[in-house]
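Listed below are the residues making up each chain.
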Amino acid sequence: MAKVLKTLRNHWKKTTAGVCGLSWGAHWVHKRYRDNLLRRAACQQAEEYGNQLLPISAKVKKATVFLNPAACKGKARSLFEKNAAPILHLAGLDVTVVKTDYEGQAKKLLELMEDTDMIIVAGGDGTLQEVITGLLRREDEAVFSRIPIGFIPLGKMNSLSQSLYSTNKEQARHILNATLAIVKGETIPLDVLEIKGDKDRPVFAVSGLRWGAYRDASVKLSKYWYLGPLKDKACHLFSILKEWPQTRQTSIAYLGPTERPPEPSEEKLPRPSLWQRILRRLESYWATPKEVMLMPMEPKHWEEVQKTAVEVTISTLNKQTDLKRTEDAMNICIEPDTISKRQFVATATQKLTDPLMCPEGSQVLQASFCKLQLPQGTQGFFSIDNEDYEAVSVDVKLLPRKLRFFCDSIKKQQLQ
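Source: prediction; values computed, not measured.

Trainee: What is the right way to look at empty space enclosed by the protein in this model?
Mentor: Over the atoms, a rolled probe matching the size of one water molecule traces out where space is still vacant. Scanning the entire structure with this criterion turns up two cavities of 30 Å³ or more. Taken as a whole, the second largest cavity encloses approximately 30 Å³ of empty space. Surrounding the second largest cavity, W244, P245, Q246, V310, D337, I339 and F344 form its lining. When grouped by side-chain class, the residues that make up the lining of the second largest cavity number five nonpolar, one polar and one charged.

Trainee: Sorry, what's going on with the pattern of salt bridges here?
Mentor: For side chains of opposite charge, pairing can occur when their charged atoms come near one another. As enumerated under the stated definition, the model contains 15 salt bridges in all. Linking D328 and R260 is a salt bridge whose minimum nitrogen-to-oxygen distance equals 2.8 Å. Linking D328 in strand β11 (residues 327–328) with R260 in the loop between β9 (258–259) and α12 (274–286), this pair joins segments that are 68 residues apart in sequence. Pair check on accessibility: D328 and R260 agree, each one buried. E335 is the partner of K351 in a salt bridge, and the nearest nitrogen-oxygen pair spans 2.9 Å. Of this pair, K351 sits in helix α13 (residues 341–351) while E335 sits in strand β12 (residues 330–336), and the two are 16 residues apart along the sequence. Across this residue pair, the class does not change: K351 and E335 are buried.

Trainee: Would you mind going over the packing of aromatic side chains with me for this structure?
Mentor: For any pair of aromatic rings, the description rests on two quantities: the centre-to-centre distance and the angle between the ring planes. Within the structure shown, the criterion is met by six aromatic pairs. The interplanar angle of 20° and the centroid separation of 4.8 Å between the aromatic rings of Y214 and F344 together place this pair among those described as stacked. Taken together, the residues span a long stretch of sequence, with Y214 in helix α10 (residues 213–218) and F344 in helix α13 at a distance of 130 residues. The burial state of Y214 is the same as that of F344; both residues are buried. Note on W225 and Y226: the rings are 5.9 Å apart at their centroids and 85° apart in plane angle, and the pair reads as edge-to-face. Looking at W225, the relative accessible area reads 63%, which means it is exposed.

Trainee: Hey, could you run me through the side chain of R39 in this one?
Mentor: Counting through the fold element by element, R39 comes out in helix α2 (residues 12–50). Of the side chains with opposite charge, D35 comes closest to the buried, unpaired R39, at an N-O distance of 4.5 Å. A distance of 2.8 Å separates a polar atom in the side chain of R39 from a polar atom in the side chain of N36. For R39, the side chain forms a polar contact with the side chain of N83, separated by 2.8 Å. Beyond its immediate sequence surroundings of up to four residues, R39 is in contact with K82, N83 and L176.

Trainee: Whenever I open this one, the pairing of strand β14 (residues 369–373) confuses me. Can you help?
Mentor: Residues in a regular strand point their side chains to alternate faces of the sheet. As paired strands, strand β8 (residues 248–255) and β14 are joined by five bridges and run antiparallel to one another. Paired with S251 across the strands is Q373, a residue of β14. Relative to strand β17 (residues 394–406), β14 runs antiparallel, the two being bridged by four bridges. Looking across to β17, one finds that F369 is bridged to K397.

Trainee: Mind showing me how you'd approach the layout of surface pockets here?
Mentor: Volume-wise, the second largest pocket comes out at about 550 Å³. Listing elements by their share of the lining of the second largest pocket, those giving two or more residues are α2, α9 (171–184) and β17. Of all the elements, α9 adds the most residues to the lining of the second largest pocket, at three residues. Of the residues assigned to the lining of the second largest pocket, the class counts are 11 nonpolar, five polar and five charged.

The rules behind these values
- The numbering scheme is per chain: residues are counted from 1 as the chain's sequence reads.
- Restriction of local features to residues with pLDDT of at least 70 applies here, the model being predicted, together with a cutoff of 80 or more for giving and counting side-chain atom pairs; totals for whole chains, interfaces and linings are based on all residues.
- For side-chain calculations, the full set of non-hydrogen atoms in the structure is used, while hydrogens and water are omitted.
- Of the two site types, the cavity is a set of points on a 1 Å grid over the protein atoms alone where a 1.4 Å probe fits but cannot get out, and the pocket is an open set with protein on both sides within 12 Å along at least five of seven lines, each lined by residues with an atom within 4 Å of a point.
- Grid points are joined across faces, edges and corners, and a volume is the space filled by probe spheres set on the points.
- Each residue receives one of three labels: charged for Asp, Glu, Lys and Arg, nonpolar for Ala, Val, Leu, Ile, Met, Phe, Trp, Tyr, Cys and Pro, and polar for the others, Gly being one of them.
- Between Lys or Arg on one side and Asp or Glu on the other, a salt bridge is scored when a side-chain nitrogen of the former is within 4 Å of a carboxyl oxygen of the latter.
- Only DSSP runs of H or I reaching four residues or more are called helices, and only runs of E reaching two or more are called strands; each is numbered from the N terminus.
- Think of it in three bands: with a 1.4 Å probe and only protein chains considered, a residue is buried below 20% of the maximum accessible area for its type, exposed above 50%, and partly exposed in between.
- In this analysis, rings of Phe, Tyr and Trp, with Trp reduced to its six-membered ring, are considered paired at centre separations within 6.5 Å, and the interplanar angle assigns stacked below 30 degrees, edge-to-face beyond 60, and tilted for intermediate values.
- For the purpose of charge, His is not counted, nor are the chain termini; Lys and Arg are scored as positive and Asp and Glu as negative.
- N or O atoms within 3.5 Å of each other form a polar contact, as long as, within protein, one can give a hydrogen and the other can take it, and as long as residues adjacent in sequence are counted only when both atoms are side-chain atoms.
- By definition, residues are in contact when any of their heavy atoms lie within 4.5 Å.
- DSSP-based pairing: two strands are paired if at least 2 bridges between them are found.

Here it is as structure tokens:
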């Protein structure tokens, strides 16, 4: 024993490297073993749903999956096949996987998609934004927008997953929980933003739009990879050294929130008897037509704000989803230009994890429709659901409770 200890002491560098290597290997094996246990438990739950008997007249539910293999640095396909695909098949779904090969392909595929019982997006914010845009650009979008949508978070940015599922840092557990939520079938309605410029077709978003200095600086974050954990602060520090103050002149005209109509009842009323239906038909046939009284339209009350801001964000309230709200609105956050350089760096670091956060001291407006007017000759880009679009003057319209998304049952109980 003494000889072994002496050898380890004499070769302390090799001993340290060996201990570190063994520790990392043990941690990796333990994590893989734990992930396999989670997959087995999830598959057993899915199998219970798959073994349920269906009525003779019922059809097997068809699920169309839009998978972005390039998401998560090219690991999305492997993550989907390991964690999500077995659960969907064991649950008895007829699964069709559509793999996207290039940016924008999902929009085109959605316009050609045939009827399906559910749409599943396996990717990140960009893939989800493309699928929603393609879905709502269809001529028959009123029918297809009723199809429930599932979101399996496989991308670098998965903003919507916080609204649908319980937060979890373990990637495998998070994917498994999301897939099981789709199988269980609980849904919640979410708002959508319709963003339209003068020339292009509308783009749709479930999170929001960003335009400003924080957004422009964060785009260059990957250039400072060599600084490791310091890259977040360094990226924004270098941006203020190049230009300060970084402000944007903007004009916003908006309409206030709208009253939320009552939720239609999901209970099916019993069908009237044959005689009752005949009597109703006869009454409607012989009844004298009533004069229709047209109510005068109230003039729309527009409000306008002209300000210089560091950043402007227009976002849905999906992160603070409240099923009992009496008004439908989106948030317009105008961040003040009276901040110091230290405050800029601190806020920018926070915005890397929550891009649509509204810092203290910002002016917050609630609207159902707004017109964002940019100065003539403005250059740069918007971020719409973390995807880049050319910055132009746009009209942003709120589509309240437009789409239904599968969610965790625990999350839905918290909202009710």
